[in-house]
Amino acid sequence: MIQFEQVSKVYAGGFQALKNVSFSLEAGEMAFLTGHSGAGKSTVLKLISLMERPTTGRVLINGHDLKRIKRNQIAYARRDIGMIFQDHRLLMDRTVFDNVALPLLIEGYSMSEARKRVQAALEKVGLGDKLRHYPMMLSGGEQQRVGIARAVVNKPPLLLADEPTGNLDPKLSAEIIKLFEEFNRVGVSVLIATHDLSLIARMRYRTLTLKEGRMIDDGLAEESA
Amino acid sequence: MSVLFRARQQGAQQVKISAWRRFVTFWLHHAQQCIGSLGELARYPFASLMTMAVLGLSLTLPATLYVIVKNTDSVGANFQQASEITVFLRQDLNQQQVSTFAKRIELNEAVAQTRLIDKATALAEFRERSGFGEALETLDSNPLPDVLLVTPQEEHRSPAAAEALLQELKQQREVDEARLDVGWLQRFQAIVQLVRDGFLGLALLLCIAVVLIVGNTIRLNISSKRDEIMVMKLVGATDAYIQRPFLYTGLWYGIVGGVITWLATAALLWWLSGAVRDIADLYDSQFRLTGLNLAEMGVIWALAIGLGLLGSHIAVRKHVRAIEPQ
């Protein structure tokens, strides 16, 4: 599903965020990406979601070299990737419904079809009754779940999450992770970047570890051991 | 269209929407974004109206100048109507020769009509009007020549063509002297041309100013929606989709701005019409200012809309592209 081949990334200021990183994530796999802040977790996610381009090396998704994706195709490529952020990135002046429906309307769904899908996605995250609410009226955990509903509403084959439990207490965090597990169970590949080691410790998933831009553990050796 | 997962059906394909319904949906989205941007403008009515007023009032100046030039042209046309060639005939011609000459000239294709003022009539008129009646009695013979007033055809009234006709008339055997005050006409036309060129330059500058003002307003709009644009790009919105509401905003600026131009121009002309009427009355003229006709109003509206769209287009192309998710 995701394949990194000798990927390095140097930012404009000269900061080297990734050094020769190689790993691959199979279709239908769920994995954690961990490391201290500044280790390069976010850069890995940005390279996958085409927010950044690698300096050297190749990033492939489903066998497609992202280098070949032209600027005007990026928008279409992103529709295949559901993204979840620590700060939710919700539109505060729109209702929960409008926020979740956004990807569908952009893709050209009719309003009636969008309504069905949004309802289903919100039911899934347990917010079926909050359609008309504004994000400000919701708790942090609920806002994060709205973000998740938006990411999955058009059923992408790949989910990326950047510190999805960053601001949540352990109980809420566990609920969020449980949601990801449910999506994974129906075949969605999930990659979660987090520095919450206690969260990872409780799970039995593959964990990729970055340190100062290098992949020091791709989680596979441990599995075979 | 799925770029990364060819087998994955997306969006409209997935729910099996017919091409026709997709076509309808496309225009429906356009209509929604169009109305949506109007709603957005209505949320900040004062700011929106200010931009529209700047656009409208900027165009009012060229529109008013245009009306003035148009009216000057019509006054000029009146003057040119009067452009006659005065032909003084030789004293030694008899009445027969004079009327033959008048008929011959009338057959000239450059001549619209002629009017003969024979010397007897001229003398009678002179005696009546000048007050020299008694002095004239003392004269032995009539000193006045027969005069033929020649009005050129419409297409021969330009200074150059009238001048050519004048030369042709002077060549005639019967003609003593012929006069046409071409210099006056040429000066008048040169001044009108200068005014027209000056106004055109000014209008062009004002149009550029309008584009810049609209562009800058839309740029501020875009940067105030930076976060929203970023989110939309993250969930897969194309630049075209994000740009559309801003382009519609430019369209609305143009639509309302154009109407403001109409109203302001009409108000200005109404304001001027009193003064113009007073001047015309002093000159015993029936001249009245003519305002914008329907076609001209249409052109001004189209211009306002075009400038609004151009300004917003420049802004979105540059700034929507520049916003990339972080």
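For chain A, an unreviewed UniProt entry supplies the name Cell division ATP-binding protein FtsE and the organism Pseudidiomarina homiensis. Here chain A is described in UniProt, under the heading Subunit (unreviewed entry), as follows: "Homodimer. Forms a membrane-associated complex with FtsX." Under the UniProt heading Sequence similarities (unreviewed entry), the note attached to chain A is "Belongs to the ABC transporter superfamily."

Engineer: Explanation requested: the overall build of chain A in the structure shown.
Structural biologist: When you go through chain A residue by residue, the secondary structure sums to eight helices and ten strands. Here chain A has a C-alpha radius of gyration of 17 Å; the compact-globule value for 225 residues is 17 Å, and the two agree. Judged by the C-alpha coordinates and their principal axes, chain A covers about 45 × 40 × 35 Å. When contacts within chain A are restricted to residue pairs at least 6 apart in sequence, those whose partners lie at least 24 apart make up 69%.

Engineer: Would you explain the overall build of chain B in this entry?
Structural biologist: Regarding its fold elements, chain B presents eleven helices and four strands. Taken over C-alpha atoms, the radius of gyration comes to 34 Å for chain B, far larger than the 20 Å a tight globule of 326 residues would show. When its C-alpha atoms are laid out on the principal axes, chain B stretches across 115 × 45 × 30 Å. Relative to its full complement of 326 residues, chain B shows a buried share of 26%.

Engineer: Please explain the environment of Gln3 of chain A as it appears in this structure.
Structural biologist: Residues and elements named next belong to chain A. Assignment of secondary structure puts Gln3 in strand 1 (residues 2-10). A tally of 18 C-beta atoms within 10 Å means that Gln3 is categorised as partly exposed. With 45 residues separating them along the chain, Gln3 and Ile48 place their C-alpha atoms 9.3 Å apart. Those residues in contact with Gln3, other than ones at most four positions away along the chain, are Ser24 and Leu60.

Engineer: Sorry if this is basic, but what is going on with the interface of chain B and chain A here?
Structural biologist: In many analyses, interface size is given as the accessible surface area lost on bringing the parts together. Listed as interface residues are 25 residues of chain B and, on the opposing side, 25 residues of chain A. For the side of chain B that touches chain A, the secondary-structure elements that each account for two or more residues are helix 1 (11-14), helix 2 (19-43) and helix 9 (226-234) of chain B.

Engineer: Explain helix 5 (residues 140-152) of chain A here, please?
Structural biologist: Residues lying three or four places apart along an α-helix face the same way, a consequence of the helix completing one turn every 3.6 residues. Residues and elements named next belong to chain A. The terminal C-alpha atoms of helix 5, which comprises 13 residues, lie 19 Å apart, in line with the 18 Å expected from a rise of 1.5 Å per residue. In terms of burial, helix 5 is a largely internal element, ten of the 13 residues being buried. Within helix 5, burial applies to Gln143, Gln144, Arg145, Val146, Gly147, Ile148, Ala149, Arg150, Ala151 and Val152. Check the buried side of helix 5 and you find it contacts strand 6 (81-84), helix 3 (96-107), helix 4 (111-124), strand 7 (158-162) and helix 6 (170-185).

Engineer: For this particular structure, what's the right way to read the environment of Val98 of chain B?
Structural biologist: Residue and element names in this part refer to chain B. Mapped onto the fold, Val98 is located in helix 4 (residues 95-107). You can call Val98 partly exposed: it has 19 C-beta atoms within 10 Å. For the pair formed by Val98 and Val276, sequence separation is 178 residues and the distance between their alpha carbons is 45 Å. Setting aside its immediate chain neighbours within four residues, Val98 contacts Leu89, Leu93, Asp118 and Asp146.

Engineer: I would appreciate a short explanation of the domain arrangement of chain B in the present structure.
Structural biologist: Examined at the domain level, chain B breaks down into domain 1 (32-78 + 187-322) and domain 2 (84-179). One C-alpha centre belongs to domain 1 of chain B, the other to domain 2 of chain B, and the line joining them spans 54 Å.

Engineer: For this particular structure, what's the right way to read the packing of helix 10 (residues 239-282) of chain B against helix 11 (residues 294-322) of chain B?
Structural biologist: Between two packed helices, the angle of one axis relative to the other and the distance separating the axes together describe the packing. Residues and elements named next belong to chain B. At a minimum axis distance of 7 Å, the contact between helix 10 and helix 11 shows a crossing angle of 150°. The orientation of helix 10 relative to helix 11 falls into the category roughly antiparallel. Classified by chirality, the crossing of helix 11 by helix 10 is right-handed. Of the residues assigned to the contact of helix 10 with helix 11, the class counts are 17 nonpolar, twelve polar and two charged.

Engineer: Please explain the nonpolar core as it appears in this structure.
Structural biologist: Where a protein is soluble and globular, its nonpolar side chains tend to be buried together. In this structure, Leu33, Ile48, Val100, Ala149, Leu159, Leu160 and Phe180 of chain A are the most contacted members of the largest nonpolar core, which totals 105 residues. At nine residues, helix 10 of chain B tops the list of elements feeding residues into this core. Each residue touching Ile48 of chain A, except ones within four places of it in the same chain, is listed here: Ile2, Val59, Ile61, Ile81 and Leu160 of chain A. Counting residues in each nonpolar core, the second largest holds twelve residues, with Leu89, Leu148, Ala162 and Leu169 of chain B among its members.

Engineer: Explain the confidence of the model for chain B to me, please; I cannot follow it from the model alone.
Structural biologist: Low pLDDT means the predicted atomic positions in that stretch should not be read closely. Residues and elements named next belong to chain B. Averaged over every residue, the pLDDT of chain B is 84; residues scoring 70 or more account for 93%. The weakest mean pLDDT in chain B belongs to helix 1 at 46; the strongest belongs to helix 11 at 94. Both scores are given for the predicted complex: the pTM is 0.75, the ipTM 0.89.

Reading guide: rules and limits
- Residues numbered from 1 in each chain as written.
- Chains lettered and ligands numbered in written order.
- Predicted model: local features only at pLDDT ≥ 70, side-chain atom pairs only at ≥ 80, totals over all residues.
- UniProt positions renumbered as here; feature names shortened; annotations may be inferred.
- Helix = DSSP H or I, 4+ residues; strand = E, 2+ residues; numbered from the N terminus.
- Rg over C-alpha atoms; globule rule 2.2 N^0.38 Å.
- Contact = placed C-beta atoms within 7 Å.
- Buried ≥ 20, exposed ≤ 12 C-beta atoms within 10 Å, placed from the backbone.
- Expected span 1.5 Å × (residues − 1).
- Domains from an automatic or database assignment.
- Axes fitted to C-alpha atoms, helices over the stretch in contact; angles between N-to-C directions.
- Parallel < 35°, antiparallel > 145°, perpendicular 65-115°, else oblique.
- Left-handed = near helix turned anticlockwise from the far one by under 90°.
- Nonpolar A, V, L, I, M, F, W, Y, C, P; charged D, E, K, R; others polar.
- Core = buried A, V, L, I, M, F, W, Y, C linked by C-beta atoms within 7 Å.
- pLDDT = per-residue confidence, 0-100.

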